[in-house]
Amino acid sequence: MQQTLIELLDARVCAALAAAGCEGAPAVVAPAGRPEFGDYQANGVMGAAKARKMNPRQLAITVLEHLDLAGIASKVEIAGPGFINITLAPAFLASLAGDALAESRLGVPQPVAQRVVVDYSSPNLAKEMHVGHLRSTIIGDALARVLRFLGHEVVAQNHVGDWGTQFGMLTAYLIEAEQGGEAALALNDLEDFYRRAKLRFDEDPAFATRAREYVVKLQGGDAQVNALWRKFLDISLHHCEAVYEKLGVGLRREDVRGESAYNDDLPAVVADLQAKGLAVESEGAQVVFLDEFKNKEGQPQAYIVQKQDGGYLYSTTDLAAVRYRTGKLKADRVLYVVDARQSLHFQQMFTLSRKAGYASAAMSLEHVGFGVMLGDDGKPFKTRSGGTVKLAELLEEAELRAFALVSEKNPDMAEVERHKIARAVGIGAVKYADLSKNRNSDYVFSWDSMLAFEGNTAPYLQYAYTRIAGVFRRAEGWNEQAPIVLMEEAERQLALALARFAEALQAVSRETMPHFLCAYLYELAGQFMRFYEACPVLKSEGALRDSRLRLCRLTADTLHTGLDLLGIDVLEAM
RNA sequence: GCCGCCAUAGUUCAAUGGAUAGAACGGCCGCCUCCUAAGCGGCAGAUACAGGUUCGAUUCCUGUUGGUGGUACCA
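Residues numbered from 1 in each chain as written. Chains lettered and ligands numbered in written order. Predicted model: local features only at pLDDT ≥ 70, side-chain atom pairs only at ≥ 80, totals over all residues. Heavy atoms only, no water.

Chain A carries the name Arginine--tRNA ligase in an unreviewed UniProt entry, which gives Candidatus Dactylopiibacterium carminicum as its organism. What the UniProt record of chain A gives under Subunit (unreviewed entry) is the line "Monomer." Turning to chain A, the UniProt annotation filed under Catalytic activity (unreviewed entry) states: "tRNA(Arg) + L-arginine + ATP = L-arginyl-tRNA(Arg) + AMP + diphosphate". (UniProt positions renumbered as here; feature names shortened; annotations may be inferred.)

Structure, rendered in structure tokens:
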């Protein structure tokens, strides 16, 4: 298939509209809103008729006369004010399923390949990863996986926070801890390490002075302090990598390009902005005023690129990063998977990047924002005592809870096996609960609903997969080349859902919305469950049995691939 | 103050300007001598408010209310 189903139908309806005298009118094809409206509906006739002062019903009739869907649709009809409802032919859906089984990409067409930078996770290395880093990490990872599957070249960038005054304090404290012989122990818990360092900073003026000196030394390239800094970063990154490992996130060391990597370019960025007349001095700082960001009184919003004291800010670092991503990485598209609260910053940064020529008009800069994670009480997700929840501990709890549930369900299963299932189910549940929601809104974190094993959850999808795996464990001897024949409505609906995989992936890529893939997989799993109830597989015979087994095969492959793209593991049994 | 985002069943979430607003959880009622009931089927239940644009508005525009975030030297 060179195009998705929706693209195919859109092209055909467009051609028919043109033949009916409406050249260039959009077909507006969409999945049908209700079962009785068929599988797809074309809504473009009403608009086209309106624009040409025609009768929409009459135009629909003319369009239908020119609409060639031979071998594709079994029924095409006009309904309501001028909707064209299309029902796909079982034989056509069967052939699509056969094609998808015949190649490794499951029939997903490849778009023109782009080089896409995905900036995600980006924790602050001064502290341990906490729940605030979860969304960026897994949303970014899912997007990276989907884009790669579609054939794009993805360059992951972990823009970690590895620079700033706090690192003076931390390295100063690291020396003390080493002298006391307890560095390894103290660093075991980074959060605690930070707290203790901060306490020393607040209580001991001599330590505070030393910490400030270390900042200067660090920036000045002092070898000893730099070595300490690097040691601290290495330990902190190991903590991150342990979390990535547990989460099944593919970020590696080579993807790490922290804020410090851009230090040398910061003066050049400011100088360049000055030379271009974009940055001006204001109250001692270097500031850019953008006309695009004015209030009612015409006062432009300030975008500070250099502080009074000569220091730089994340605004400058991000500009330098854009230069790197354009100049060195040659990106066609850059996705910033960052908290929605930084929206204004990104809008200003993108606008300025274009004005300063750091990003061409052709390069797409997109802020993939997301809301905050809330607790059951609707307030930001915290521990009972009000502290931040460490990511490592959250994931551990997910596994523990899943293990208890798995054990309850399968008391006789070997413990190793139950742990394996608990890992996939627990981590999968946490990730899916997040990925399945529109990333723009804040979302309520609830153990009960994400581990419910019911409804739109990861375990439901994993269970659908294990049911198919169970079928194949008992299948024995069947013809893997047998033709697929769709007799029952449940079979046809399943084949239709299977044929829509490409549409879902394309939507995820276009809108940078992983929840479209989740919604798709939930729909697919639901169609499979209905098929499984209505159509005996192993108990049917001959060609019918082979055909149903092939549908099962494609469903399993699609679920497996789809869950892989979300970074969620599948299980053969659970 | 100014700028942005959000408001959908009791709850948690969906819905490229399309037809009768979809799910899930919870509630009520059914389905296992039959491939895993972690499943399937059914019932009740919602677009904050007021205008406007449109053949058609949850969606776009204006205002109101409520929530939330950002807003000159953190990121």
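Q: Could you give an account of helix 11 (residues 266-275), with specific residues and numbers?
A: Buried residues of helix 11: Leu-266, Val-269, Val-270 and Leu-273, and no others. When helix 11 is viewed along its axis, its buried side chains cluster within an angular range of 95° and face the same direction. For helix 11, the elements touching its buried residues are strand 7 (279-282), strand 8 (285-294), strand 9 (300-306), helix 12 (314-327) and helix 13 (343-355). (Buried < 20%, exposed > 50% of the residue type's maximum accessible area, 1.4 Å probe, protein only. Helix = DSSP H or I, 4+ residues; strand = E, 2+ residues; numbered from the N terminus. Arc of directions from axis to C-beta. Contact = heavy atoms within 4.5 Å.)

Q: I'd like to hear about the protein's contact with RNA strand B, residue by residue, with values.
A: With respect to spatial proximity, 61 residues lie near RNA strand B, and among them Lys-50, Lys-409, Tyr-463, Arg-467 and Tyr-532 are the closest. At a separation of 3.2 Å, a base nitrogen of RNA strand B approaches a polar side-chain atom of Gln-41. Measuring from a phosphate oxygen of RNA strand B, one finds a side-chain N or O atom of Tyr-460 at 2.6 Å. Of all elements in the fold, only strand 1 (29-31), helix 2 (44-51), strand 4 (83-88), strand 8, strand 9, strand 13 (443-444), helix 17 (458-475) and helix 20 (515-534) reach the threshold of two or more residues within the surface near RNA strand B. Looking at the surface near RNA strand B element by element, the count peaks at seven residues for helix 20. Looking at side-chain class alone, the surface near RNA strand B contains 29 nonpolar, 15 polar and 17 charged residues. (Near = heavy atom within 4 Å. Polar contact = N/O pair within 3.5 Å; in protein donor to acceptor, adjacent residues only side chain to side chain. Nonpolar A, V, L, I, M, F, W, Y, C, P; charged D, E, K, R; others polar.)

Q: Run through the UniProt feature "domain: Arginyl tRNA synthetase N-terminal" (unreviewed entry) in chain A, naming residues and quoting values.
A: The positions that UniProt labels "domain: Arginyl tRNA synthetase N-terminal" (unreviewed entry) are, in the present scheme, residues 3-88. This span, residues 3-88, is 40% helix and 22% strand, and a straight line between its end C-alpha atoms measures 16 Å.

Q: Can you explain the UniProt feature "domain: DALR anticodon binding" (unreviewed entry) in chain A? Please cite residues and give values.
A: The residues that UniProt annotates with the feature "domain: DALR anticodon binding" (unreviewed entry) are residues 461-574. Across residues 461-574, helical content stands at 72% and strand content at 0%; the span's end C-alpha atoms are separated by 12 Å.

Q: I'd like a description of the pattern of salt bridges, backed by residues and values.
A: Side-chain pairing between opposite charges can occur once the charged atoms of the two side chains come close. In the structure shown here, the tally under the stated rule is 28 salt bridges. We note a salt bridge from Asp-39 to Arg-492, for which the minimum N-O separation is 2.9 Å. Of this pair, Asp-39 sits in the loop between strand 1 and strand 2 (40-42) while Arg-492 is found in helix 18 (residues 489-499), placing the two residues 453 residues apart along the sequence. Judged by its relative accessible area of 4%, Asp-39 falls in the buried class. (Salt bridge = Lys/Arg side-chain N within 4 Å of Asp/Glu carboxyl O.)

Q: Describe helix 10 (residues 223-247), listing the residues and the values that go with them.
A: An α-helical segment advances 3.6 residues per turn. Residues three or four places apart therefore align on the same side. In this model, helix 10 (25 residues) spans 36 Å end to end at C-alpha, consistent with the 36 Å of a helix rising 1.5 Å per residue. Of the residues one or two after helix 10, Gly-248 is the one with positive phi, at around 70°. (Expected span 1.5 Å × (residues − 1).)

Q: Can you break down the sheet that holds strand 7 residue by residue, with the values?
A: Ordered in space as 7-8-9, the three strands form an open sheet in which the pairing is antiparallel. If you trace the sheet from one side to the other, it starts and ends with strand 7 and strand 9, each paired once. Strand-to-strand, the axes of this sheet are offset by a mean angle of 50°, without reference to chain direction. Summarising the sheet, strand 8 and strand 9 pair through five bridges and their orientation is antiparallel. Of the residues in strand 9, the one forming a bridge with Val-287 is Ile-304. (Pairing = 2+ DSSP bridges. Axes fitted to C-alpha atoms, helices over the stretch in contact; angles between N-to-C directions.)

Q: I'd like to hear about the packing of helix 6 (residues 166-179) against helix 9 (residues 205-220), residue by residue, with values.
A: Running from N to C, helix 6 and helix 9 cross one another at 115°; their axes reach a closest spacing of 7 Å. With respect to each other, helix 6 and helix 9 are oriented roughly perpendicular. Seen from above, helix 6 lies across helix 9 with right-handed handedness. In this structure, helix 6 contributes Phe-167, Gly-168, Met-169, Thr-171, Ala-172, Tyr-173, Ile-175 and Glu-176 to the contact, and helix 9 contributes Phe-207, Arg-210, Ala-211, Tyr-214, Val-215 and Leu-218. For the contact of helix 6 with helix 9, the residue count by class is 10 nonpolar, two polar and two charged. (Parallel < 35°, antiparallel > 145°, perpendicular 65-115°, else oblique. Left-handed = near helix turned anticlockwise from the far one by under 90°.)

Q: Residues and numbers for the pairing of strand 6 (residues 153-157), please.
A: Put simply, side chains in a regular strand alternate between the two faces of the sheet. Burial analysis of strand 6 places four of its five residues in the buried class, which makes it a mostly covered element. One ladder, built from five bridges, connects strand 5 (residues 115-119) with strand 6; its direction is parallel. In the sheet register, Val-118 faces strand 6, and the bridge partner there is Ala-156. Handedness of the crossover is the feature at issue here: the chain leaves strand 5, passes through helix 5 (residues 134-149), returns alongside strand 6, and the resulting connection is right-handed. (Right-handed = clockwise from strand over helix to strand, strands pointing away.)

Q: How would you summarise the sheet that holds strand 1 if you had to cite specific residues and measurements?
A: The four strands lie next to each other as 1-2-4-3, forming an open sheet whose pairing is antiparallel. Looking at the sheet topology across the chains shown, the edges are occupied by strand 1 and strand 3 (73-79). On average, adjacent strands in this sheet sit at an angle of 25° to one another, irrespective of strand direction. Across three bridges, strand 2 lies against strand 4 in antiparallel orientation. Following the sheet pairing, Ala-42 is matched in strand 4 by Ile-84. Here helix 1 (residues 5-19) sits on the sheet and contacts strand 1, strand 2 and strand 4; the angle it forms with strand 1, its principal contact strand, is near 145°.

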